[in-house]
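Inside the fold
Chain residues, written in single-letter form:
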Amino acid sequence: MAISMTSVDKASLSRFMTESFEVLGLTPEDAGIFADALIFSELRFHPGHGQGVRRLRRYHERIAQKLVDPRARFEIVKESPALALVDAHNGIGTVAAARAMTLAIAKAKTCGIGQVIVRNSTHYGSSAVHACQAEAAGCIGMAYTNAGPEMAPWGAREGAVGTNPWGIAAPTGLGFPVVMDFALTTAGKGMMLWRSREGKKMPLDWALTPEGEITDDPDAAMQGALLAIGEYKGYGLAFMTDVLTGVIGGGGFGLTPYADQGKLDVSHALTAIDIEWFMPLDTFKTRMDAFAEMVKSRKTRPGFSEVLLPGEQEARRVARKSTNGVPLDDEVLADLTALGRELGVSAKIDVIGPYREDVL
């Protein structure tokens, strides 16, 4: 069963999100940062990933219940020319990570590399948001975060580490950056829920039942643990992501993040590498373009029409949605509209019409 979608105007959606966050208590600057990040994710990813504007309701609830502080301090606990440790004071994770990457970029411009670790934070959204922030400043950006223990360690049936997504972005001369952005689980529960709503089975390598059995039934797996990409290799990467974020940062790790809804205790690591320290940026882009040509010129396998670069499919999605309108799940659009009325938001989401394209 196809999920009904409606295309909306991107600019109006951005205005609506920004005003909504201001009404929820964020400063105008932070509201803009947060809205831009969610619009970025809405344009870039499949809506089933759940990292876009649908999260507004959840943030409204958490702020109303005082489970997250919309005006939390961004406290630099310790720093050197290249490093910083930040306490986010249970604030908006997306905003804290964006500010941390801004700091990492500034340090990279001085030292060649900058790294900022954030502790005592909350959900930070898509890793690509923060990695691309550095790419736009002429750096290679790397963003990692830990998360709630949804992934089963290899051989276990209970979760102990998070989806722990990675984002790495680098500039090119191709009109879009190369971007690697993925969770270390094969899929998340957002995509499982999407499959359930479509009435479709899911691949057998997505998740387990609570009893530890593999399953293609998304409903049966919703209460079970998620499976890692590459089996034990993905689990190893997720384990080490906790080391690179929560363990070394003095924050939560393993079973700790999300254990207390009033203090999610999430930790992030944001890194920027200044390309100009190594070579002129244009030289780097020329070398990246040559690398891309090497990859894309390879003969394709049966069933494939082309070789794509990391982030190329997403770049096409962004271009398409920016031109033709942003497709929103009708349930999400109705909820945003209702929430806007509840909050007294004056900005309106302009509807273009039913979404009729074959791809998301």
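What counts and what doesn't
Residues numbered from 1 in each chain as written. Predicted model: local features only at pLDDT ≥ 70, side-chain atom pairs only at ≥ 80, totals over all residues. Heavy atoms only, no water. Core = buried A, V, L, I, M, F, W, Y, C linked by side-chain atoms within 4.5 Å. Buried < 20%, exposed > 50% of the residue type's maximum accessible area, 1.4 Å probe, protein only. Helix = DSSP H or I, 4+ residues; strand = E, 2+ residues; numbered from the N terminus. Contact = heavy atoms within 4.5 Å. Expected span 1.5 Å × (residues − 1). Phe/Tyr/Trp six-rings, centres within 6.5 Å; stacked < 30°, edge-to-face > 60°. Lys NZ or Arg CZ within 6 Å of the ring centre and 35° of its normal. Pairing = 2+ DSSP bridges. Axes fitted to C-alpha atoms, helices over the stretch in contact; angles between N-to-C directions. Salt bridge = Lys/Arg side-chain N within 4 Å of Asp/Glu carboxyl O. Parallel < 35°, antiparallel > 145°, perpendicular 65-115°, else oblique. Left-handed = near helix turned anticlockwise from the far one by under 90°. Nonpolar A, V, L, I, M, F, W, Y, C, P; charged D, E, K, R; others polar.

For the rest of this paragraph, the subject is the nonpolar core. With 30 residues, the main nonpolar core has Leu-13, Met-17, Phe-21, Val-53 and Leu-336 as its most contacted residues. Per element, the largest residue contribution to this core is 6 residues, and it comes from helix α2 (residues 28–44). Leave out the neighbours within four places in its chain, and Phe-21 touches Leu-26, Ala-31, Phe-34, Ala-35, Leu-38 and Leu-56. Counting residues in hydrophobic clusters, the runner-up holds 19 residues, among them Val-86, Ala-100, Ala-104 and Val-118.

For α2, built from 17 residues, the straight-helix expectation of 24 Å at 1.5 Å per residue is met to within 8% by its first-to-last C-alpha distance of 24 Å. By the burial criterion, the buried members of α2 are Asp-30, Ala-31, Gly-32, Phe-34, Ala-35, Ala-37, Leu-38, Ile-39, Ser-41, Glu-42, Leu-43 and Arg-44.

Turning to unusual backbone geometry, a few remarks are in order. Although it is not a glycine, Lys-66 adopts a positive phi angle of roughly 60 degrees. Summarising the element assignment, Lys-66 is placed in the loop between α3 (56–64) and β2 (75–79). The exposure class assigned to Lys-66 is exposed, which follows from its relative accessible area of 74%. Its identity as a non-glycine residue notwithstanding, Asn-90 has a phi of 60 degrees, on the positive side.

The next subject is the packing of aromatic side chains. A full pass over the atoms with the stated rule returns 6 aromatic pairs. Seen in terms of ring centroids, Trp-277 and Phe-278 are 4.9 Å apart; in terms of plane orientation they differ by 70 degrees. Their pairing is edge-to-face. Of the two residues examined, Trp-277 and Phe-278, each falls in the exposed class. Counting every residue linked through ring pairs, the aromatic cluster contains Phe-21, Phe-34 and Tyr-59. Directly above the ring of Trp-194 sits Arg-197, whose terminal nitrogen or CZ lies 5.8 Å from the centroid.

Once that is clear, we can look at the pairing of strand β9 (residues 326–329). In regular strands, side chains alternate between the two faces of the sheet. Alternating residues of β9 divide into Val-326 and Leu-328 and Pro-327 and Asp-329, and every residue in both groups is buried. By the bridge criterion, 4 bridges tie strand β1 (residues 5–8) to β9 in an arrangement that is antiparallel. Across the sheet, the residue bridging to Ser-7 is Pro-327, located in β9.

Taken in spatial order, the 7 strands make up an open sheet running β2-β3-β4-β8-β5-β6-β7, and their pairing is mixed. In the strand order of this sheet, the two ends are held by β2 and β7 (178–182), each with one partner. Here the average twist between neighbouring strands, direction ignored, is 15 degrees.

Right, let's get into the pattern of salt bridges. All chains considered together, the criterion is met by 18 salt bridges. The residue Asp-274 makes a salt bridge to Lys-109 at a minimum N-O spacing of 3.1 Å. One end of the pair, Asp-274, is in strand β8 (residues 266–274); the other, Lys-109, is in helix α4 (residues 93–111), and 165 residues separate them in sequence. Each of Arg-54, Arg-197, Asp-329 and Glu-331 takes part in a single network of salt bridges with overlapping partners.

Moving on to the pairing of β2. Note: β2 against strand β3 (residues 83–87), 4 bridges, orientation antiparallel. In the strand pairing of β3, Ile-76 is matched with Val-86. Hairpin connection of β2 to β3: 3 residues between the antiparallel strands.

As a further point, take helix α5 (residues 127–135). Extensive coverage of α5 is indicated by the burial of 8 of its 9 residues. Taken residue by residue, α5 has Ser-127, Ala-128, Val-129, His-130, Ala-131, Cys-132, Ala-134 and Glu-135 as its buried positions. Along its buried surface, α5 packs onto α2, α4, β5 (139–145), β6 (166–170), β7 and β8.

A word on the packing of helix α1 (residues 10–23) against helix α11 (residues 330–343). Between α1 and α11, the least distance of the axes is 11 Å, while the angle of their chain directions is 40 degrees. The angle between α1 and α11 falls in the class oblique. Here α1 and α11 pass one another in a crossing that is left-handed. Contacts from Leu-13, Phe-16, Ser-20 and Val-23 in α1 reach Leu-336, Gly-340 and Leu-343 in α11. Tallied by class, the residues present in the contact of α1 with α11 amount to 5 nonpolar, 2 polar and no charged.

Read these as spatial facts, not as claims about activity.
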